[in-house]
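Results of the structural survey
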2 protein chains.
Amino acid sequence: MEVKIMKNIMNENEQLAKENRTLFSQNGVVAVNIMASPGAGKTSIIQTIINCFRTNTNIAVIEGDIASTIDAEKIEKSGIPVIQINTCGGCHLDANVIREAYNSIDLKPKSPKGRKSLLLIENVGNLICPSSFDLGESLKIVIASVPEGHDKPFKYTSMFEAADAVILNKTDLLPYIDFDMNEFYKGVRALKPEIPIFEVSCRTCEGFDALTKWLEQYLI
Amino acid sequence: MEVKIMKNIMNENEQLAKENRTLFSQNGVVAVNIMASPGAGKTSIIQTIINCFRTNTNIAVIEGDIASTIDAEKIEKSGIPVIQINTCGGCHLDANVIREAYNSIDLKPKSPKGRKSLLLIENVGNLICPSSFDLGESLKIVIASVPEGHDKPFKYTSMFEAADAVILNKTDLLPYIDFDMNEFYKGVRALKPEIPIFEVSCRTCEGFDALTKWLEQYLI
């Protein structure tokens, strides 16, 4: 019985996600689902991506959090349209809340010069549950951070398996932490041999060239 | 329908947790449920607690992870009885798996000199879901870490509300991170005005005196 109902919920989400995917595609929107542990730097990375692309790309942000409007307020300061979703205890976003948020956000369907528009979705801080819920996004990015340790890909396999790209944030802390970069790469590549891994620091702004170049290919 | 079944699951867990609580109490076991984000330092703190109490207290450890035996192997090296639970995707431990693990672990019911025994339970790395599942534990400890940022108590309210104590780990990184200690305390104390907060660093071993003193009161 429980399995059946869980399946129904998942089927319903899959259907809505499929519709979202069509909707985004028809409107020239590249939707990026950004997932990570609490405090890995999701909002800071979104802010940096905004700064890199805002001159030639229409951007909007959906902020997912259990409670508070802290992250949406940060994004709002940059003048980019943003909607805060409070899940009120819920441990992930789903296709339904993304549809509602997208329908109420002011994201122009086409950027200047025929470029696509960019919808950045910050999922709830959780390295487990969000990986099971398709939002209809174009890309899934998983952010890991140096202080979390190099063993995360070995433990949170479904999250890293789901990703189209991995960002390793807070590389400025490498001198102060026992982080084995080879082990981290080994863990990620064991799950996805070809996946791009971007080493960045939001604090020093280093490492974003390769990330923006990778993202750019989906916007043209 | 979905609500009803969810309620059944929760009721079943509550019942098992109640039985666990009686079992632990009858056997003189203090069970501590340790919850945190991935990479906050749960295993390192468990290792430090083991070192502080092992001379006069019987200790056993239950390690919860989605996958891998990395953490259990670390504990095993210290010679303390340990059981690894792999949840295979599950985002939290529950009272049932704790019962099974406890029944198969070699934890003597009484420590020397009539002190209680200590069962350290490392929950799955997740700052959301584990807070909803009573394990029958005596104490819930939430570990936050400096690199996660000072805003976590404002965002992950149910986790901090559930806690009997908060450990703030990785204080050695304070010089390299924009962490507002006052804001962190404000966030925690807004939810639980009287809760003890222990600032520690597993890297430098600082700050554990107050934590062990607090824990000691439950073992005598």
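So, here's what we can say about the structure. (Residues numbered from 1 in each chain as written. Chains lettered and ligands numbered in written order. Predicted model: local features only at pLDDT ≥ 70, side-chain atom pairs only at ≥ 80, totals over all residues. Heavy atoms only, no water.)

**What to know about the sheet that holds strand β1 (residues 29-36) of chain A**
Residues and elements named next belong to chain A. What counts, and what does not: At least two DSSP bridges between two strands are needed for those strands to be called paired. Going along the chain from the N terminus, every DSSP run of H or I of four or more residues is numbered as a helix, and every run of E of two or more is numbered as a strand. Inter-axis angles, ranging from 0 to 180 degrees, are taken between N-to-C directions of lines fitted to C-alpha atoms, where helices are fitted over the stretch in contact. By the convention used here, residues are in contact when the closest approach between their heavy atoms is within 4.5 Å.
Strand order in the open sheet formed by seven strands is β3-β2-β4-β1-β5-β6-β7, with parallel pairing between adjacent strands. Looking at strand neighbours, the two that pair on one side only are β3 (82-86) and β7 (197-199), the edges of this open sheet. Strand-to-strand, the axes of this sheet are offset by a mean angle of 20°, without reference to chain direction. Along the sheet, helix α2 (residues 42-53) makes contact with β1, β2 (59-65), β4 (117-122), β5 (139-145) and β6 (165-169), crossing β4 at roughly 170°. On top of the sheet, helix α4 (residues 95-104) reaches β1, β2, β3 and β4; it is set at about 150° to β3, its chief contact.

**Here's the deal with the pattern of salt bridges**
Residues and elements named next belong to chain B. Here is the rule we go by: Salt bridges are defined by distance alone: a side-chain nitrogen of Lys or Arg within 4 Å of a carboxyl oxygen of Asp or Glu. Summary of the burial criterion: residues with accessible area below 20% of their type's maximum are buried, those above 50% are exposed, and those between are partly exposed, where the area comes from a 1.4 Å probe applied to protein chains only.
In total, this model carries 20 salt bridges over all chains according to the counting rule given. The salt bridge involving Glu137 is made with Lys140; its shortest N-O contact spans 3.2 Å. Take Glu137 and Lys140: they sit in the same class, and that class is buried. A salt bridge links Glu183 to Lys186; the shortest N-O distance between them is 3.2 Å. Taken together, the residues span about one helical turn, with Glu183 and Lys186 both in helix α7 (residues 181-191) at a distance of three residues.

**Remarks on the relation of the copies chain B and chain A**
Note on the chain copies: they are related by a rotation about an axis and a translation along it. How we decide: Each copy is superposed on the other by least squares, with the fit set by C-alpha atoms of residues at a pLDDT of at least 70 in both.
Between chain B and chain A, which share one sequence, the superposing operator has a rotation angle of 180° and an axial displacement of 0.0 Å; the RMSD is 0.0 Å. Overall, the copies show the geometry of a two-fold rotation axis. Interface residue correspondence from chain B to chain A reaches 100%, placing this contact among same-surface, isologous pairings.

**As for unusual backbone geometry**
The phi torsion of most residues other than glycine is negative, and most of the peptide bonds are trans. Residue and element names in this part refer to chain B. In this structure, Ser68 is a non-glycine residue whose phi angle is positive, near 80°. Tracing the sequence through the fold places Ser68 in the loop between β2 (59-65) and α3 (70-76). In the Ramachandran plot, Cys205 falls in the positive-phi region, its phi being about 65° despite a non-glycine side chain. Counting through the fold element by element, Cys205 comes out in the loop between β7 (197-199) and α8 (208-219). The class for Cys205 is exposed, based on a relative accessible area of 54%.

**Here's the deal with the pairing of β3(A)**
All names here are of chain A. The cut-off we apply is this: Orient the strands so they point away from the viewer, and a crossover whose first-strand-to-second-strand path over the helix runs clockwise is right-handed.
Burial within β3 is extensive, with four of its five residues counted as buried. Pairing between β2 and β3: five bridges, direction parallel. Each bridged residue has a counterpart across the sheet, and for Ile62 the counterpart in β3 is Ile83. Each parallel crossover has a hand, and the one from β2 via helix α3 (residues 70-77) to β3 is right-handed.

**Comments concerning the environment of A:Ile98**
All names here are of chain A. Turning to its location among the elements, Ile98 is positioned in helix α4. In this structure Ile98 comes out as buried when scored by relative accessible area, which is 0%. Expressed as a C-alpha distance, the spacing of Ile98 and Pro130, which sit 32 residues apart in the sequence, is 13 Å. Once residues within four sequence positions are removed from consideration, Ile98 is found in contact with Asn20, Phe24, Ile62, Leu93, Ile121 and Leu135.

**Overview of empty space enclosed by the protein**
Under the convention used in this document: Cavity: a set of points on a 1 Å grid over the protein atoms alone where a 1.4 Å probe fits but cannot get out. Pocket: an open set with protein on both sides within 12 Å along at least five of seven lines, its lining residues, like those of a cavity, having an atom within 4 Å of a point. Grid points are joined across faces, edges and corners, and a volume is the space filled by probe spheres set on the points. Residues are sorted three ways: Asp, Glu, Lys and Arg are charged, Ala, Val, Leu, Ile, Met, Phe, Trp, Tyr, Cys and Pro are nonpolar, and all the rest, Gly among them, are polar.
Taken as a whole and judged by the stated rule, the model has one cavity of 30 Å³ or more. Roughly 80 Å³ of volume is contained in the largest cavity. In this structure, the largest cavity is lined by 16 residues; those nearest its centre are A:Ser145, A:Glu148, B:Pro38, B:Ser145 and B:Glu148. Looking at the lining of the largest cavity, its residues break down into six nonpolar, six polar and four charged.

**Considering the packing of helix α2 (residues 42-53) of chain B against α8(B)**
Residue and element names in this part refer to chain B. Going by this rule: For classification purposes, angles smaller than 35 degrees are called roughly parallel, those larger than 145 roughly antiparallel, those between 65 and 115 roughly perpendicular, and all remaining angles oblique. Each crossing gets its handedness from the near helix: less than a right angle anticlockwise from the far helix is left-handed, clockwise is right-handed.
Relative to each other, α2 and α8 sit at 65°, their axes nearing to 11 Å. In terms of their interaxial angle, α2 and α8 are classed as roughly perpendicular. Note that α2 runs across α8; the crossing there is right-handed. Across the interface between the two elements, Ile45, Thr48, Ile49, Cys52 and Phe53 from α2 touch Phe208, Thr212, Leu215, Glu216 and Leu219 from α8. Residue composition of the contact of α2 with α8, grouped by class: seven nonpolar, two polar and one charged.

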